[in-house]
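# Analysis of the macromolecular model
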Amino acid sequence: SAYAKHAGIILESNPNYVLCPIGSGKLWLSIVRKIEEQGLETRVVGFTPADKNPFFHDFREGEAWDLRSLADKLTSPYTALAEQVMSRAPRHRVFELDERQIRKTYNKARRMRVMCEPSGAVGFAYYQKRIRKELEIDRKDSVMIVSSGSGLGDQLKRFEKGRIGRG
């Protein structure tokens, strides 16, 4: 699949961490599966809007849902992959960002001249010291930030050409 191909490219440098957006969980799970297949030590952290995702919240039919978020491509009341994603914890994680944190990640990505929209910028939460500390990511760790805001394929091509680096 295209996701498996992207996962392979993302993992070529064998980073300690891969930080990426997580909505349906397809890309996140593809990366995790590739890590398992290759026996890598890499850990994956998916970032999603707080209280607007099916990984931590059970949205019941008939209830009013507020799925509005700056990172609107990552909100959903349901994904068929929720159990598969959450079963990979604690090694791999899903981390919720509040709207203020999402805005900070987007602003950081834009300052770094990464062309993306807010949903694709959530991996830039790495630059928030409090989040790094909570995730136990050391500044010495190699970190791959996946930004899918202008199309994952476009960002991967830019990475391959060396214009996007590790954090």
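Here the residue index of a chain counts from 1 through its sequence in written order. Per-residue local features of the predicted model are confined to residues with pLDDT of at least 70, and side-chain atom pairs are confined, for both listing and counting, to 80 or more; whole-chain, interface and lining totals are unaffected and use all residues. To obtain the side-chain values, all non-hydrogen atoms of the structure were used and water was disregarded.

The omega torsion of the bond from A89 to P90 falls at 5°, within 30 degrees of zero and hence cis. With respect to the element layout, P90 can be found in the loop between helix 3 (82-86) and strand 3 (93-97). The phi torsion at R113 lies on the positive side, around 65°, for a residue other than glycine. The helix and strand labels rest on DSSP assignments: H or I over at least four residues marks a helix, E over at least two residues marks a strand, and numbering proceeds from the N terminus. Topologically, R113 is positioned in the loop between helix 4 (99-111) and helix 5 (129-135). Three exposure classes are used, based on accessible area relative to the maximum for each residue type with a 1.4 Å probe and protein chains only: buried under 20%, partly exposed in between, and exposed over 50%. Using a relative accessible area of 69% as the deciding quantity, one classes R113 as exposed.

Let us look at the packing of aromatic side chains. Side-chain rings of Phe, Tyr and Trp (the six-membered ring for Trp) are treated as a pair once their centres are within 6.5 Å; stacked means planes under 30 degrees apart, edge-to-face means over 60, and tilted covers the remaining angles. Applying the stated criterion to the full structure yields 4 aromatic pairs. Note on F47 and F95: the rings are 5.8 Å apart at their centroids and 70° apart in plane angle, and the pair reads as edge-to-face. Here F95 lies in strand 3 and F47 lies in strand 2 (residues 43-49), a separation of 48 residues in the sequence. Overall, the relative accessible area of 0% leaves F47 in the buried class. Given a relative accessible area of 6%, F95 falls into the buried group. Summarising the aromatic geometry, the rings of Y126 and Y127 are spaced 5.0 Å apart at their centres and angled 85° between planes, so their arrangement reads as edge-to-face. Ring pairing ties together the aromatic residues F124, Y126 and Y127, which thus form one cluster. A ring has a charge above it when a Lys NZ or an Arg CZ is no more than 6 Å from the ring centre and no more than 35 degrees off the ring normal. Over the ring of Y127 we find K108; its NZ or CZ atom is 4.8 Å from the centre of that ring. The ring of Y126 carries R132 above its face, with NZ or CZ at 5.4 Å from the centroid.

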